[in-house]
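Spelled out from the first residue to the last, the chains are:
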Amino acid sequence: MDFSALRAALAIPCLALIGCAYSADPTSEETGTPEEETVGTSEEAVLSTNRMSMNRLSMNRMSMNGLSMNRLSTDGLRMAATELLESEDGRELLRYTVRCALAEGVSLVATVGETTYRFNGLIGLAPEWMRGPLAEKSQRWVSACLLAHVNGYGVEVAISLRGRHPALATDSVERSAYQEEEVSFFGNVFQPIDRRDELGDIGARMYSCGGALLQLSCAGSEGAFAPERTCASKADCGIKFLGPCRDLMSSGASVCKNVSLEGYSQCEAPASLTARKAKETPYNEVVTVFLGRPDFSAFYPLCTPLLP
């Protein structure tokens, strides 16, 4: 793939009628003072941009576990103490974690040395984290959101996030602008690997499945049915791609057993040993990414979008 052409294709302006969120360094290089991310959203628009590194997520899982065991803030203003603040990788992960967990208009600050960082909320999947430890159900929602923000190319892409959570409601303007269903994500990055969680899952707990339109539009392209925007289709990536969320060719091959206009649920992770019996683990906390037509075409040049 021509990466220079890809980067050029993805450098599209935000839509004036729909909110956009820009990932930015939290401090000014000249003054060292905090610079807030530029965020503007229309009512119920759940839009973000994604360029989070898979490596940063994978390497900081133990720190994420420690973070989830406590309140995100002790006073509602400052970020709780965490070793994630000590490195650039950790701070990037915190930016996306707060973006997913807290609602727009809520922000937390943290000072490291002489530099103050601001972490802005946007989506609001786990506002209760401000009041106490993050329950596993909310861990799964925030995890799915984090996985949706992974971008294997390191370029910003506007994404529409949807799912069966009140914070992921969409309006007609957003649905019209972002019609191309791409990939759905589920899992739990807060739970330590090799320790069984409340669902009975054990392992990396980072999963994805492809959208039905992606399956159909790429059907004529050999090997094209894979989530090219993320690293999920690459052998060295921690996100396990399970195939089509809803297989239009064979219902028995679908990853998710429950499909509706609100999104997917009962998405089954690979079999794990629970009570000495191997069984699949169903997830109901699923976040689905929809792309605009230009970005879909850039990442899947051999596939033909089906919607007019």
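Residues numbered from 1 in each chain as written. Predicted model: local features only at pLDDT ≥ 70, side-chain atom pairs only at ≥ 80, totals over all residues. Heavy atoms only, no water.

Novice: Can you walk me through the nonpolar core in this structure?
Specialist: Side chains of a nonpolar character, in soluble globular proteins, are inclined to be buried together. Ranked by size, the top nonpolar core spans 57 residues in total, and within it L57, L72, M79, L146, L161 and Y300 carry the most contacts. Looking at this core element by element, the count peaks at seven residues for helix α5 (residues 136-148). In this structure, C209, C267, A269 and Y283 belong to the second largest nonpolar core, which totals 11 residues. (Core = buried A, V, L, I, M, F, W, Y, C linked by side-chain atoms within 4.5 Å. Buried < 20%, exposed > 50% of the residue type's maximum accessible area, 1.4 Å probe, protein only. Helix = DSSP H or I, 4+ residues; strand = E, 2+ residues; numbered from the N terminus.)

Novice: Where do I start with a nonpolar patch on the surface in this structure?
Specialist: Taken together, L216, L248 and M249 make up a surface patch of nonpolar side chains, about 280 Å² in accessible area. Here M249 lies in the loop between β9 (240-244) and β10 (256-260). (Patch = residues over 30% accessible without salt bridge, like charges linked within 9 Å, V, L, I, M, F, W, Y side chains within 5 Å. Areas by Shrake-Rupley, 256 points an atom, 1.4 Å probe, with all protein chains shown as cover. Salt bridge = Lys/Arg side-chain N within 4 Å of Asp/Glu carboxyl O.)

Novice: What exactly am I supposed to notice about the pattern of salt bridges here?
Specialist: Where charged atoms of side chains with opposite charge meet at close range, the side chains can pair. This model, assessed by the stated rule, comprises five salt bridges. One salt bridge connects K137 with E285, and the closest N-O pair in it is separated by 3.2 Å. Highlighted residues: K137 in helix α5 and E285 in the loop between β12 (277-283) and β13 (287-291), separated in sequence by 148 residues. The class for K137 is partly exposed, based on a relative accessible area of 46%. Using a relative accessible area of 3% as the deciding quantity, one classes E285 as buried. A salt bridge links R293 to E180; the shortest N-O distance between them is 2.8 Å. Highlighted residues: R293 in helix α8 (residues 293-299) and E180 in strand β7 (residues 180-187), separated in sequence by 113 residues. Look at the salt bridges and you will find they share partners, linking K137, R140, E198 and E285 into a network.

Novice: Could you clarify how one ought to interpret the pairing of β7 in this entry?
Specialist: Within a regular strand, side chains alternate between the sheet's two faces. The element β7 is extensively covered by neighbouring structure, given that eight of its eight residues are classed as buried. Two elements, β7 and β13, share four bridges in a ladder whose sense is antiparallel. Within β13, the position partnered with F185 by the bridge is V287. Of the strand pairs in this sheet, β7 and strand β8 (residues 206-210) are connected by five bridges, and their pairing is antiparallel. The residue bridging G187 from the neighbouring strand is M206, located in β8. (Pairing = 2+ DSSP bridges.)

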